[in-house]
Amino acid sequence: MDMNNLAISEKTPVGSLIYTLEGSDPENDTIHFHLEGSDSLEVNPDTGDVTVVKPLDYETNDTLNLIVSIEDEANTQTGEKPNIVSVPVTVIILDENDNAPKFENETYEILVSEDISPGSAIFSDVKVIDKDSLGENLRISCMNLPEYPSACDYFDIKTLSRGLHSFHGAIVLLEKLRYGEQPVIQFMLNATDGELSSTARVNVNVSDVQDTPPHFKGTFSAEVKENAPINTLVMTIAAQDGDRGVPRKVVYEMVN
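The name that an unreviewed UniProt entry assigns to the protein is Cadherin domain-containing protein, with the source organism given as Cryptolaemus montrouzieri.

Pairing in this open sheet of 3 strands is antiparallel, and the strands run β2-β5-β4 from one edge to the other. In this open sheet, the two strands that pair with only one neighbour each are β2 (17-20) and β4 (41-43). Within the sheet, the average angular offset between the axes of one strand and its neighbour, ignoring direction, is 25 degrees.

This part covers a negative patch on the surface. On the surface, a cluster of negative charge is contributed by Glu27, Asp29, Asp46 and Glu73. Relative to the assigned elements, aspartate 46 resides in the loop between β4 and β5 (49-52). The class for aspartate 46 is exposed, based on a relative accessible area of 52%.

Below, the discussion takes up the environment of valine 202. By the secondary structure assignment, valine 202 is in strand β15 (residues 197-207). Once the C-alpha coordinates of valine 202 and methionine 188 are considered, the two residues, 14 residues apart in sequence, prove to be 5.8 Å apart. When near neighbours in sequence (up to four residues on either side) are disregarded, valine 202 contacts Tyr108, Ile110, Ile171, Ile185, Gln186, Phe187 and Leu189.

For the rest of this paragraph, the subject is the state of the cysteines. Counted under the stated rule, the structure contains 1 disulfide. Two residues, cysteine 142 and cysteine 152, share a disulfide whose sulfurs are 2.0 Å apart. Handedness of the cysteine 142-cysteine 152 disulfide follows from its S-S torsion of about -85 degrees: it is left-handed. Of the two residues, cysteine 142 sits in strand β11 (residues 139-144) while cysteine 152 sits in the loop between β11 and β12 (155-162), which places them 10 residues apart along the sequence. Relative accessible area serves as the criterion here: at 17%, cysteine 152 is assigned to the buried category.

Counted according to the given criterion, the structure contains 3 salt bridges. In this structure, aspartate 39 and lysine 54 form a salt bridge, with 3.1 Å as the shortest nitrogen-oxygen distance. With aspartate 39 in the loop between β3 (31-36) and β4 and lysine 54 in the loop between β5 and β6 (63-72), this pair connects stretches of sequence that are 15 residues apart. Here glutamate 147 and arginine 201 are joined by a salt bridge, their closest N and O atoms 3.7 Å apart. Within this pair, whereas glutamate 147 is found in the loop between β11 and β12, its partner arginine 201 is found in strand β15, the two being separated by 54 residues in sequence. On the accessibility criterion, glutamate 147 (48% relative accessible area) is partly exposed.

Right, let's get into the nonpolar core. Membership of the largest hydrophobic core comes to 27 residues, with the highest contact counts inside it found for Phe103, Phe155, Ile171 and Leu189. At the level of elements, β9 (107-113), β10 (121-129), β12, β13 (166-173), β14 (184-192) and β15 are the ones that each hand at least two residues to this core. Beyond its immediate sequence surroundings of up to four residues, phenylalanine 103 is in contact with Tyr108, Val126, Lys127, Val128, Ile140, Leu189, Asn190, Ala191, Ser198, Thr199 and Ala200. Leu6, Ile18, Ile31 and Val89 belong to the second largest nonpolar core, which has 20 residues in total.

Take a nonpolar patch on the surface next. Residues Phe216, Phe220, Val224, Val234, Met235, Ile237 and Tyr252 make up a contiguous nonpolar surface patch of about 650 Å² in total accessible area. Structurally, valine 224 is set in the loop between β16 (215-216) and β17 (239-240).

A separate point is the packing of aromatic side chains. Scanning all chains against the criterion turns up 4 aromatic pairs. Measuring from ring centre to ring centre gives 6.3 Å for tyrosine 154 and phenylalanine 155, while their planes differ by 45 degrees; the resulting arrangement is tilted. For the pair formed by tyrosine 154 and phenylalanine 155, the shared burial category is buried. Geometrically, the ring pair formed by phenylalanine 155 and phenylalanine 187 is stacked, given 5.0 Å between the ring centres and 25 degrees between the ring planes. In this pair, phenylalanine 155 is assigned in strand β12 and phenylalanine 187 in strand β14, connecting sequence segments 32 residues apart. Like phenylalanine 187, phenylalanine 155 is buried.

Calculation rules
Residues numbered from 1 in each chain as written. Predicted model: local features only at pLDDT ≥ 70, side-chain atom pairs only at ≥ 80, totals over all residues. Heavy atoms only, no water. Pairing = 2+ DSSP bridges. Helix = DSSP H or I, 4+ residues; strand = E, 2+ residues; numbered from the N terminus. Axes fitted to C-alpha atoms, helices over the stretch in contact; angles between N-to-C directions. Patch = residues over 30% accessible without salt bridge, like charges linked within 9 Å, V, L, I, M, F, W, Y side chains within 5 Å. Areas by Shrake-Rupley, 256 points an atom, 1.4 Å probe, with all protein chains shown as cover. Salt bridge = Lys/Arg side-chain N within 4 Å of Asp/Glu carboxyl O. Lys, Arg positive; Asp, Glu negative; His and termini not counted. Charge placed at Lys NZ, Arg CZ, Asp CG, Glu CD. Buried < 20%, exposed > 50% of the residue type's maximum accessible area, 1.4 Å probe, protein only. Contact = heavy atoms within 4.5 Å. Disulfide = S-S within 2.5 Å. Core = buried A, V, L, I, M, F, W, Y, C linked by side-chain atoms within 4.5 Å. Phe/Tyr/Trp six-rings, centres within 6.5 Å; stacked < 30°, edge-to-face > 60°.

Listed below in structure tokens is the structure:
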């Protein structure tokens, strides 16, 4: 028995007995076993027990190509060398869902004009990879942060393409943005394969546009004596542009 095409899980713990090589010698000599081709497995030369001595990883190597040998003992009296029979064997490593899906970026910085229309894609390069062949299809969702409890009301995740182990999507605007109300919105993206998950942070910086008229600051009333000379200062009027991101110079005019 040479364990060819043995299949074992990549989660098999170190120290586990995975197989016992068996053999015999026609002259009934004592036999010994050998194993070459991998430092992850080791064989007891006397019993044939094969054990895992290093962690296995399907993503690194999904197949182990080995050489197992059986050897009788040399005859020291006649000077005969030991007889060795070697055969190639293949051990298959089975994939397990042991890797969380991973975003291409840990943080996404997005600049959006406040006049962009709802329904528009504000970012089209959200990419996620899952190394495992097991697990459900990747699902991507929006998660609110405590300091931005309603952020996910403004954004949705649209699928552009998906594969067995990958996702490519876009962030779509749901509600109109207001620079004056919230110049920055932050939220988290969550990717899950049904068991394991990971997150990425999204920072949306809203840019101001000229869509708000200027407004006066304070109220204005004054008294002036009827004999006040020409060019007497009566009051000072203050106003500012309603667009604070890129404010324009305010010009004053007296009407009627």
